[in-house]
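Residue-level structure breakdown
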Amino acid sequence: MESDDEKFGPLLPGFVQIEPPYCYRCPHEKSGYPECDLPCAQALDERIRSEGPQTVAAFILEPIMGAYGITAPPEAYYRAVGEICRKQGILFIADEVTTGFGRTVKLFVSEDWTPAPDILCLSKAISSGYLPLAATLATEAIYQRFLGEGNQFKHGSTANGHPVCAAVGLRNIDILVNERLPENAASKMG
Ligand SMILES: Cc1ncc(COP(=O)(O)O)c(C=O)c1O
């Protein structure tokens with residue numbers, strides 16, 4: 001079978017992947033968690049070591065993998081990979097573009113993770129789709145690294161900080177939170 005690189009390549013240089021935590025057809029040929037001891041998470045540790053930890057900036061994961069068939073790993077996977085990131089001194093990034101803002105009966109899948117992600121990627125339900133809007137949230141420590149002379153965050157886009165989209169996003173978040181929509185969705189799950 002053609003790999004993604006062959007079908008869509010060349011992929012973004014400088015990024016390496018590990019096999020996804022996909023229990024239904026485990027790439028590590030295990031029968032399932034908890035018997036397996038999460039080789040999918042250990043693969044992260046091994047890959048960082050083989051690449052050289054000093055060359056790895058961050059690990060990005062999508063908590064519920066959309067393009068992989070809306071599949072979620074065992075809850076323990078999040079802690080395991082988060083701890084590996086901490087131990088190896090790399091940033092832990094959760095891409096919650098699809099899952100954020102109440103789409104999984106929680107405001108964020110990662111809201112109670114330990115360790116918590118260092119960066120959250122957000123979009124889609126941040127405005128409930130009414131207007132295009134995205135945001136990247138970072139910890140105070142990361143924010144502080146961009147302060148001071150010569151340290152500005154050099155990144156921009158055409159519609160950066162669009163006031164109408166931002167106003168719609170703020171109002172949408174008010175509604176989600178004040179009307180307790182994630183909790184309401186959770187109460188319908190029975
Ligand atoms: C998980 C995930 N991350 C990122 C993106 C890209 O988001 P955007 O279109 O806001 O760049 C998507 C788009 O569907 C997505 O599903």
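Computed from a prediction, not measured in an experiment: that's the story for all the values here.

Focus on the overall build of the protein chain
When its secondary structure is counted, the protein chain shows 6 helices and 4 strands. Listing every helix and strand of the protein chain by position from the N terminus yields α-α-β-α-β-β-β-α-α-α. With the C-alpha coordinates of the protein chain rotated into their principal frame, the extents come out at 55 × 50 × 35 Å. Out of the 190 residues in the protein chain, the part that is buried amounts to 19%. Taking the contacts inside the protein chain whose residues are at least 6 apart along the sequence as the reference set, 66% of them involve residues at least 24 apart.

Thoughts on helix H3 (residues 75-88)
For H3, which comprises 14 residues, the first-to-last C-alpha distance of 21 Å matches the rise-based estimate of 20 Å (1.5 Å per residue) to within 8%. Within H3, burial applies to Tyr78, Val81, Gly82, Ile84 and Cys85. For H3, the buried positions fall inside an angular range of 160° around the axis, keeping them on one side. Exposed residues on H3 whose side chains face more than 90 degrees from its buried face are Glu75 and Lys87. Buried-residue contacts for H3 involve helix H2 (39-51), strand E1 (58-61) and strand E2 (91-95). Immediately beyond the C-terminal end of H3, within one or two residues, lies Gly89, with a positive phi of roughly 70°.

Points about the site of the ligand
What surrounds the ligand is the set Glu62, Gly66, Asp95, Val97, Thr98, Ser123 and Ala134. A per-class count over the shell around the ligand returns 2 nonpolar, 3 polar and 2 charged.

As for the nonpolar core
By size, the foremost hydrophobic cluster in this structure holds 22 residues, and its most contacted members are Ala41, Leu44, Phe59, Val81, Ile84, Cys85 and Ile126. Apart from residues lying up to four places away in sequence, Ala41 is in contact with Tyr77, Ala80, Val81 and Ile84.

Here's the deal with the packing of H2 against H3
Put simply, H2 and H3 touch, their axes get as near as 9 Å, and they point 15° apart. Looking at the two axes, H2 sits roughly parallel to H3. The element H2 and its partner H3 pack so that their crossing is right-handed. Residues Cys40, Ala41, Leu44, Asp45 and Ile48 of H2 touch H3, and the partners they reach there are Tyr77, Ala80, Val81, Ile84 and Gln88. Residues that form the contact of H2 with H3 fall into these classes: 8 nonpolar, 1 polar and 1 charged.

Structural notes on the sheet that holds E1
With mixed pairing, 4 strands are arranged side by side in an open sheet as E1-E2-E3-E4. Here the strands that pair on one side only, and so sit at the sheet edges, are E1 and strand E4 (135-138). Taken over all neighbouring pairs, the strand axes of this sheet differ in orientation by 15° on average, direction set aside. Bridge count for strand E3 (residues 119-122) against E4 is 4 bridges, and the pairing is antiparallel. Across the sheet, the residue bridging to Cys121 is Thr136, located in E4.

Some details on the pairing of E1
Across the two faces of E1 the burial differs, with Phe59 and Leu61 buried and Ala58 and Ile60 not buried at all. Across 4 bridges, E1 lies against E2 in parallel orientation. Within E2, the residue paired with Phe59 across the bridge is Phe92. For the crossover from E1 across H3 to E2, the handedness is right-handed.

About the cut-offs
Residues numbered from 1 in each chain as written. Predicted model: local features only at pLDDT ≥ 70, side-chain atom pairs only at ≥ 80, totals over all residues. Helix = DSSP H or I, 4+ residues; strand = E, 2+ residues; numbered from the N terminus. Buried ≥ 20, exposed ≤ 12 C-beta atoms within 10 Å, placed from the backbone. Contact = placed C-beta atoms within 7 Å. Expected span 1.5 Å × (residues − 1). Arc of directions from axis to C-beta. Near = placed C-beta within 6 Å. Nonpolar A, V, L, I, M, F, W, Y, C, P; charged D, E, K, R; others polar. Core = buried A, V, L, I, M, F, W, Y, C linked by C-beta atoms within 7 Å. Axes fitted to C-alpha atoms, helices over the stretch in contact; angles between N-to-C directions. Parallel < 35°, antiparallel > 145°, perpendicular 65-115°, else oblique. Left-handed = near helix turned anticlockwise from the far one by under 90°. Pairing = 2+ DSSP bridges. Right-handed = clockwise from strand over helix to strand, strands pointing away.

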